[in-house]
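Secondary and tertiary structure notes
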Amino acid sequence: MTTKQIPAQKYFIYSTETTLPHVNTIAMREVEPLYVTASQLGLEAQGPLEFIYWNASGDPTKPFTLEIALPVNDVEVELPEKYTLTTHEGFKAMAHVHHGDFSNIEPVYDGMFKELYEKGAKPTNQVREVYIHWVDLTSAENVTEILLGIE
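My aim in this report is to walk through the structure given alongside it, one point at a time. (Residues numbered from 1 in each chain as written. Predicted model: local features only at pLDDT ≥ 70, side-chain atom pairs only at ≥ 80, totals over all residues. Heavy atoms only, no water.)

Considering the sheet that holds strand β1 (residues 2–6)
An order of β1-β6-β8-β7-β3-β4-β2-β5 is seen for the eight strands of this open sheet, with the pairing classed as antiparallel. Each edge of the open sheet carries a strand with a single partner, namely β1 and β5 (83–88). Geometrically, the sheet is characterised by an average inter-axis angle of 35° between neighbouring strands, direction not taken into account. Sheet topology places strand β2 (residues 9–18) next to β5; six bridges connect them, and they run antiparallel. Each residue of the ladder has a partner; that of Tyr14, found in β5, is Tyr83. Along the sheet face, helix α2 (residues 106–118) touches β6 (91–99), β7 (123–133) and β8 (143–150) and points at about 35° away from the line of β8. (Pairing = 2+ DSSP bridges. Helix = DSSP H or I, 4+ residues; strand = E, 2+ residues; numbered from the N terminus. Axes fitted to C-alpha atoms, helices over the stretch in contact; angles between N-to-C directions. Contact = heavy atoms within 4.5 Å.)

Structure (structure tokens):
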């Protein structure tokens, strides 16, 4: 795991309150429309899709804010009601690139948080999954960067 500085970026976002067991259902319903709408608005992707988890505790029963976020060029457009354009500030993160099946990612997160605490780092309220290469939930070809925000 490495520590890195993530730069500020403008995102085209679908945001919702949810719990961990519902993330995949929301993703299957909302990712494609997000891409279609971004294209219709003339927004250009500036990187891979990200899922940004705000205040997710790891407890499957506790709600948190999920942002399905596409990094986009810095333009202003008239937005449909369920989307926002937001610039997220840069932040410091512990990063790990995960290759392969994402259906049972919990042990990866457990190991990352264990290392984070062993190093004396303090987590923030932000975790991101950056889908560098995505096929489907169980594909061996997936490449996902996990970013744990740290103080």
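What follows picks up the thread again.
A few points about the environment of Thr138
Tracing the backbone shows Thr138 in the loop between β7 and β8. The spacing of Thr138 and Gly100 is 38 residues in sequence and 7.1 Å in space, taken between C-alpha atoms. Apart from residues no more than four positions distant in its own chain, Thr138 is found in contact with Asp101 and Ser103.

Describing the layout of surface pockets
Of the voids in this model, the largest pocket is the one considered here, and its volume is about 1,100 Å³. Looking at the largest pocket, it is lined by 34 residues, and the ones nearest its centre are Leu20, Tyr53, Ile105, Tyr109 and Glu129. For the lining of the largest pocket, the elements supplying multiple residues, two or more each, are α1 (23–40), β3 (50–54), α2 and β7. Of the residues contributing to the lining of the largest pocket, the split by class is 22 nonpolar, eight polar and four charged. (1 Å grid on protein atoms, 1.4 Å probe; cavity = no way out; pocket = protein on both sides within 12 Å on 5 of 7 lines; lining within 4 Å. Points joined across faces, edges and corners; volume = space filled by probe spheres on them. Nonpolar A, V, L, I, M, F, W, Y, C, P; charged D, E, K, R; others polar.)

Notes on the nonpolar core
Nonpolar side chains in soluble globular proteins generally cluster together in the buried interior. Core analysis: the biggest nonpolar cluster contains 32 residues, and Phe12, Leu34, Phe51, Tyr53, Leu66 and Ile68 have the highest contact counts within it. Taken together, the elements giving at least two residues each to this core come down to β2, α1, β3, β4 (64–71), β5, α2, β7 and β8. With six residues, the next largest nonpolar core counts Ile6, Ala93, Val130 and Leu147 among its residues. (Core = buried A, V, L, I, M, F, W, Y, C linked by side-chain atoms within 4.5 Å. Buried < 20%, exposed > 50% of the residue type's maximum accessible area, 1.4 Å probe, protein only.)

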